[in-house]
Amino acid sequence: MSSASVLFDAPGPRARLRHNLYSVLVVVALVGGGWWLYDAFAEKGQFTAAKWEPFLDSQVWETYILPGLQGTLTAAVLSIIGSVIFGMIFGILRLSDHAWVRGAAGTVVELARAIPVLILMIFLFAMFADYSLFPSEQLALAAVVIALIIYNSAVIAEIVRAGIKSLPKGQTEAAVALGLRKNQVMRLILLPQAVTAMLPALVSQMVVVLKDTALGYQITYVELVRSGAQIGASFSNPIPALMVVAVLMISLNMALSFLATTLEKRLRARKKGGGGAVLAADSILTDAAPGVDIRKK
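The sections below set out a description of the structure shown in this document.

1. Overview of the overall build of the protein
Within the protein, the regular secondary structure consists of 11 helices and 0 strands. Seen in sequence order, the protein has helices and strands lined up from the N terminus as α-α-α-α-α-α-α-α-α-α-α. For the protein, the proportion of its 297 residues judged to be buried stands at 34%. Pairs at least 24 residues apart make up 74% of the contacts formed inside the protein by residues separated by at least 6 positions. Working note: accessible area of the protein is about 18,400 Å², and carbon and sulfur atoms make up 67% of it.

Below, the structure written as structure tokens:
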């Protein structure tokens, strides 16, 4: 019996026929919808050469698209790095043995998750401008990055907490029995395994961060969506401009997903192959009982 048939009954001839019919109907519906959309755009003249010709001009790319792409990537990279760092910190704090630490970290996480990102960006942009906390040319970038870090670090904190708690308790108990301190258990035993387990969820959140950089459009931050809108206003081709922006954003998200998937496969392969370094017992046994030596003679 195959592993697939253990979880559910294998479909019979009539069920397979019905599934194939459903698949054909879905494909027909998608093709029909795509053709209707294409015909509607073509009827409005959205596919004429005049509307797409600006994208063959290098000046358009240098003036609009490349600066917007740079702005999107800059905000996304800074936000992802900050979100992962603070998410790890607050995720671990939520697992603290001290109730007041867990409570404080939980309060911060819940409040950060409850605030809409766009409202947070607008608030931070206004506050930074009023108090001159950043240079004027960096106000929008600072508001976008900090708002994304505040929100997404709260989400990543929950991912980290869930990933660590999903590990068997026996590993923690065995590590404590060997004399490891709690920070050593977290750093050497739990986090390396939890990172591999929660990597798909982290990738999904990174894609969310990349897409949410487009909200910076509302506070004058120069990113891809704003650049596309500027191209549409300058050349009277807003639909083609936004189509190009959509293709670029989808390509960035797919590249990020591919990179993370490749990393996950390598981590899992290394874990299965046992390629990690083996720690010597005397390098980690720091709290053993006096006079007890469990190393091999």
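Don't stop here, the text continues.
2. Regarding the pattern of salt bridges
Inspection of every chain in the model, using the stated rule, returns 5 salt bridges. Glu110 serves as the salt-bridge partner of Arg94, at 3.8 Å between the closest nitrogen and oxygen. Of this pair, Arg94 sits in the loop between helix 4 (58–93) and helix 5 (99–114) while Glu110 sits in helix 5, and the two are 16 residues apart along the sequence. The exposure class assigned to Glu110 is partly exposed, which follows from its relative accessible area of 39%. For Glu158, the salt bridge identified is with Arg161, shortest N-O distance 2.9 Å. Residue Glu158 and its partner Arg161 are both found in helix 7 (residues 139–165); the two are separated by 3 residues, about one turn of the helix. Each member of the salt-bridge network shares a partner with another, and the members are Arg94, Glu110, Arg113, Glu158 and Arg161.

3. Observations concerning the side chain of Asn237
Counting through the fold element by element, Asn237 comes out in the loop between helix 10 (224–235) and helix 11 (238–273). On the accessibility criterion, Asn237 (0% relative accessible area) is buried. Once residues lying within four places of it in the same chain are set aside, the contact partners of Asn237 are Lys51, Pro54, Phe55, Ile231 and Gly232.

4. Notes on the layout of surface pockets
The space that makes up the second largest pocket amounts to roughly 370 Å³. In terms of lining residues, the second largest pocket is bounded by 15 residues, among which Leu95, Ile164, Lys165, Thr172 and Leu190 are the most central. Contributions of two or more residues to the lining of the second largest pocket are made by helix 7, helix 8 (169–177) and helix 9 (182–212). Among the residues forming the lining of the second largest pocket, the class breakdown is 8 nonpolar, 2 polar and 5 charged.

5. Some words on the packing of aromatic side chains
Summed over the entire model, instances satisfying the criterion amount to 6 aromatic pairs. With a centroid separation of 6.5 Å and 5° between ring planes, the pair formed by Phe47 and Trp52 is classed as stacked. Accessibility expressed as a relative area gives 34% for Phe47, which makes it partly exposed. On the basis of an interplanar angle of 65° and a centroid distance of 4.9 Å, the ring pair of Phe128 and Phe134 is categorised as edge-to-face. Relative accessible area serves as the criterion here: at 5%, Phe128 is assigned to the buried category. Among the aromatic residues, ring-to-ring pairing joins Trp35, Tyr38, Phe41, Phe47, Trp52 and Phe55 into one connected group. Directly above the ring of Tyr217 sits Arg226, whose terminal nitrogen or CZ lies 5.6 Å from the centroid.

6. Quick notes on the packing of helix 4 against helix 9
At a minimum axis distance of 11 Å, the contact between helix 4 and helix 9 shows a crossing angle of 145°. Helix 9 is crossed by helix 4, and the crossing has right-handed handedness. Of the residues in helix 9, those touching helix 4 at Thr72, Ala76, Ser79, Ile80, Val84, Met88 and Ile92 are Met186, Leu191, Val195, Met198, Met206, Val209 and Leu210. Each residue belonging to the contact of helix 4 with helix 9 can be placed in one class, and the counts come to 12 nonpolar, 2 polar and no charged.

7. With respect to the nonpolar core
Ala75, Met121, Leu124, Phe128, Val144, Leu148 and Tyr221 are the most contacted members of the largest nonpolar core, which totals 23 residues. Contributions of two or more residues to this core are made by helix 4, helix 6 (117–131), helix 7 and helix 9. Examining the composition of this core, we find that 10 residues originate from one element, helix 7, more than from any other. Every residue in contact with Val144, bar those within four places of it in the chain, is listed here: Ala75, Ser79, Met121, Gly216, Ile219 and Tyr221.

8. Let's talk about unusual backbone geometry
Backbone geometry places Ser132, a non-glycine residue, at a positive phi of 50°. Assignment of secondary structure puts Ser132 in the loop between helix 6 and helix 7. Phi at Thr220 takes a positive value of approximately 70°, unusual for a residue other than glycine. Structurally, Thr220 can be placed in the loop between helix 9 and helix 10. On the basis of relative accessibility, which here comes to 48%, the residue Thr220 falls in the partly exposed class.

9. Brief notes about helix 9
Here helix 9 is 31 residues long, yet its end C-alpha atoms lie only 36 Å apart, well below the 45 Å a rise of 1.5 Å per residue gives. The sharpest bend along helix 9 measures roughly 55° and falls at Met198, with the proline Pro200 sitting one to four residues further on.

Definitions and cut-offs
Residues numbered from 1 in each chain as written. Predicted model: local features only at pLDDT ≥ 70, side-chain atom pairs only at ≥ 80, totals over all residues. Heavy atoms only, no water. Helix = DSSP H or I, 4+ residues; strand = E, 2+ residues; numbered from the N terminus. Buried < 20%, exposed > 50% of the residue type's maximum accessible area, 1.4 Å probe, protein only. Contact = heavy atoms within 4.5 Å. Areas by Shrake-Rupley, 256 points an atom, 1.4 Å probe, with all protein chains shown as cover. Salt bridge = Lys/Arg side-chain N within 4 Å of Asp/Glu carboxyl O. 1 Å grid on protein atoms, 1.4 Å probe; cavity = no way out; pocket = protein on both sides within 12 Å on 5 of 7 lines; lining within 4 Å. Points joined across faces, edges and corners; volume = space filled by probe spheres on them. Nonpolar A, V, L, I, M, F, W, Y, C, P; charged D, E, K, R; others polar. Phe/Tyr/Trp six-rings, centres within 6.5 Å; stacked < 30°, edge-to-face > 60°. Lys NZ or Arg CZ within 6 Å of the ring centre and 35° of its normal. Axes fitted to C-alpha atoms, helices over the stretch in contact; angles between N-to-C directions. Left-handed = near helix turned anticlockwise from the far one by under 90°. Core = buried A, V, L, I, M, F, W, Y, C linked by side-chain atoms within 4.5 Å. Expected span 1.5 Å × (residues − 1). Bend = angle between axes of the 7 residues up to and from the residue.

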